[in-house]
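Chain by chain, the residues run as shown.
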Amino acid sequence: MENKKRKLITLDEFTIQQTRKFQNATGELSALLRDIALACKIINKQVNIAGLVDILGKHGATNVQGEEQMKLDIFADETLINVLQNSAECAGIASEENDEFIAFQDEFSWNSKYVVLFDPLDGSSNIDVNASIGTIFSIYKRVSPLGSPCNEADFLQAGNKLMAAGYVIYGSSTMLVYATKLGVNGFTLESSIGEYCLSHPDMKCSEQGKIYSLNQGNTNKYTQGLKDYLNYCMEENKEEGRPLTHRYIGSMVADLHRTLIKGGIFIYPADKKNVNGKLRLQYECNPMALIIEAAGGKAEHGSGRILDIEPTELHQRTPIFIGSKNMVEKALSFTK
Ligand code: AHG
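This part takes up the state of the cysteines. If you walk through the whole model with that rule in mind, you get zero disulfides. Looking at the unpaired C90, the closest cysteine sulfur is the one in C150, lying at 7.5 Å.

Take a look at the structure:
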């Protein structure tokens with residue numbers, strides 16, 4: 001077999017090449033992506049040495065959702081805010097960890113086109129057990145006038161208005177995956193040169209998978225339709241390749257990364273306790289929906305597309321059925 005040596009393409013090189021495809025592109029989006037990628041390198045370093053620097057464990061505070069924050073959550077949140085505040089491309093941010101959005105108050109930021117939303121460290125209940133966690137980010141073009149501070153309307157845009165979204169997974173390797181409407185590409189962090197290098201070009205989510213992923217321990221709280229779907233997943237059917245395999249890490253980034261690479265379905269439904277589901281529309285569901293849809297998959301809330309929900313609150317939650325197209329359609333045929 002011919003041993004063709006592939007040229008290493010860094011994230012910066014890749015985004016610059018993409019920018020050249022558009023006549024009026026200014027490179028601002030690429031620069032913003034570079035800033036987010038930088039913040040995630042800093043977070044990655046801290047995640048890797050967490051056990052050594054006594055940063056593991058609870059911080060003692062609760063966030064706006066009433067959840068206990070871990071020290072690493074706060075470190076990741078502050079890192080992203082600091083890096084983006086110094087970026088010339090970001091007018092303001094909203095974070096899952098903070099009650100309100102932050103409009104940056106300097107002239108550079110007032111003239112910046114974009115706002116960024118993020119979940120700084122998703123899956124934080126997995127920190128202490130060294131399982132994969134991640135940062136999820138979304139980029140919108142602001143709707144407020146340039147030359148003034150950004151406002152809430154910039155952050156309450158539907159997912160179908162997203163310019164780009166992505167995640168960084170801190171796993172057995174560190175990967176940055178991001179999507180625009182053009183497609184999805186994955187970059188692995190090469191620590192010896194400190195660069196994310198293109199490793200998974202043009203990622204696709206297969207139409208059919210073999211894995212279903214949800215918190216099966218909550219089955220008693222699920223609707224009859226969803227219980228019936230779970231029974232369908234577990235039933236023997238050789239022609240259809242069932243029973244399916246169940247996998248659930250409890251870290252959305254890790255569960256969705258597997259779904260993107262191997263196919264499958266991830267569900268966080270509404271249930272008796274969480275009537276709107278648990279996951280946040282603006283910080284978790286919209287960015288993941290853009291990624292999976294751009295890769296050919298499907299992301300629904302039960303009776304429509306996640307990306308078409310018009311958000312009314314910054315910390316809004318939504319049920320989600322996301323992953324391989326055929327599997328999402330099958331699940332919805334039970335639950336609708
Ligand atoms: P957190 O960041 O607070 O750990 O939340 C994790 C989220 C998401 O990543 C994961 O899919 C889901 O919560 C897990 O929730 P359950 O524990 O209820 O299954």
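Let us keep going from here.
In the vicinity of the ligand lie 14 residues, with D122, N215, Y248, M252 and Y268 positioned nearest. A distance of 2.6 Å is found between an oxygen atom of the ligand and a side-chain nitrogen or oxygen belonging to Y268. Its free accessible area being 470 Å², the ligand has 84% of it covered by the protein chains. When its residues are assigned to classes, the shell around the ligand shows six nonpolar, six polar and two charged.

Here we come to the sheet that holds strand β11 (residues 211-213). Strand order in the open sheet made by the five strands is β12-β11-β13-β15-β14, with mixed pairing throughout. Across the chains shown, the open sheet's two edge strands, defined by having one partner strand only, are β12 (245-246) and β14 (298-300). Relative to strand β15 (residues 320-323), strand β13 (residues 265-268) is paired through four bridges, and the arrangement is antiparallel. Across the sheet, F266 pairs through a bridge with I322, a residue of β15. The strands touched by helix α7 (residues 252-262) within the sheet are β11, β13 and β15, with β13 carrying the most contacts at an inclination of about 150 degrees. Relative to the sheet, helix α8 (residues 281-294) contacts β14 and β15, its axis offset from that of β15 by approximately 30 degrees.

Attention shifts here to the packing of aromatic side chains. Under the defined criterion, the tally for this structure stands at seven aromatic pairs. Each ring, one from Y229 and one from Y232, has its centre 6.0 Å from the other, and the planes form 25 degrees; the classification is stacked. Separated by three residues within a single helix, Y229 and Y232 lie in helix α6 (residues 224-234), roughly one turn from each other. For the residue pair Y229 and Y232, the accessibility class agrees, reading buried in each case. Connected via pairs of aromatic rings, a cluster forms that spans F14, Y178 and F187.

Another aspect to go through is the packing of helix α1 (residues 11-19) against helix α2 (residues 28-48). Taken N-terminus to C-terminus, the directions of α1 and α2 make an angle of 160 degrees; their axes are 10 Å apart at the nearest point. Comparing their axes, α2 and α1 come out roughly antiparallel. The handedness of the crossing between α1 and α2 comes out as right-handed. Across the interface between the two elements, L11, D12, T15 and T19 from α1 touch S30, L33, R34 and A37 from α2. Residue composition of the contact of α1 with α2, grouped by class: three nonpolar, three polar and two charged.

With that out of the way, let us pick up the sheet that holds strand β4 (residues 102-103). Sheet strands pair by backbone hydrogen bonding; their relative direction is either parallel or antiparallel. Spatially, the eight strands line up as an open sheet ordered β4-β3-β5-β6-β7-β8-β9-β10, and their pairing is mixed. The open sheet has two free edges, formed respectively by β4 and β10 (195-200), since each of these has just one partner strand. Pairing analysis gives two bridges linking strand β3 (residues 90-95) to β4, with the strands arranged antiparallel. Considered in β4, the bridge of G92 is made with A103. Most of the contacts of α1 go to strand β8 (residues 174-180), to which it runs at about 10 degrees, and overall it touches β8, β9 (183-190) and β10. Where α7 meets the sheet, its contacts fall on β5 (114-122), β6 (133-141), β7 (164-170), β8, β9 and β10, and the angle it forms with β7 comes to roughly 105 degrees.

Below, the discussion takes up the domain arrangement of the protein. By the assigned domains, the protein splits into domain 1 (11-200) and domain 2 (211-335). Listed as interface residues are 44 residues of domain 1 and, on the opposing side, 31 residues of domain 2. Between domain 1 and domain 2, the buried area comes to about 2800 Å², and carbon and sulfur atoms account for 62% of it. Applying the counting rule to domain 1 against domain 2 returns one salt bridge. When the shortest N-O distance is used, the salt bridge between E96 and R280 registers 3.6 Å. Counting across the domain 1 and domain 2 interface gives 11 residue pairs in polar contact (both at pLDDT 80 or more).

With that out of the way, let us pick up the pairing of β6. Within β6, eight of the nine residues are buried, which leaves it mostly tucked inside the rest of the structure. Pairing between β5 and β6: seven bridges, direction antiparallel. Residue pairing for β6: D119 is matched across the bridge by I136.

Turning to the side chain of R142, a few remarks are in order. Topologically, R142 is positioned in the loop between β6 and α5 (152-155). Notably, R142 is buried but unbridged: the nearest opposite-charge side chain belongs to D154, and the N-O separation is 4.3 Å. A polar contact of 3.0 Å, which involves the side chain of R142, links it to the backbone oxygen of P145. A polar contact of 2.5 Å, which involves the side chain of R142, links it to the backbone oxygen of S148.

Turning our attention to the environment of Q105. With respect to the helices, strands and loops of the structure, Q105 is situated in the loop between β4 and α4 (107-110). For the pair Q105 and S148, spaced 43 residues apart in sequence, the C-alpha to C-alpha distance is 8.9 Å. Residue contacts for Q105: discarding those within four places in its chain leaves W110 and P149. For Q105, the side chain forms a polar contact with the main-chain oxygen of A103, separated by 3.4 Å. Here the side chain of Q105 touches W110 through a polar contact of 3.4 Å, side chain to side chain.

Scoring rules and cut-offs
Residues numbered from 1 in each chain as written. Predicted model: local features only at pLDDT ≥ 70, side-chain atom pairs only at ≥ 80, totals over all residues. Heavy atoms only, no water. Disulfide = S-S within 2.5 Å. Near = heavy atom within 4 Å. Polar contact = N/O pair within 3.5 Å; in protein donor to acceptor, adjacent residues only side chain to side chain. Areas by Shrake-Rupley, 256 points an atom, 1.4 Å probe, with all protein chains shown as cover. Nonpolar A, V, L, I, M, F, W, Y, C, P; charged D, E, K, R; others polar. Pairing = 2+ DSSP bridges. Helix = DSSP H or I, 4+ residues; strand = E, 2+ residues; numbered from the N terminus. Contact = heavy atoms within 4.5 Å. Axes fitted to C-alpha atoms, helices over the stretch in contact; angles between N-to-C directions. Phe/Tyr/Trp six-rings, centres within 6.5 Å; stacked < 30°, edge-to-face > 60°. Buried < 20%, exposed > 50% of the residue type's maximum accessible area, 1.4 Å probe, protein only. Parallel < 35°, antiparallel > 145°, perpendicular 65-115°, else oblique. Left-handed = near helix turned anticlockwise from the far one by under 90°. Domains from an automatic or database assignment. Buried area = accessible area lost by both parts, 1.4 Å probe. Salt bridge = Lys/Arg side-chain N within 4 Å of Asp/Glu carboxyl O. Lys, Arg positive; Asp, Glu negative; His and termini not counted.

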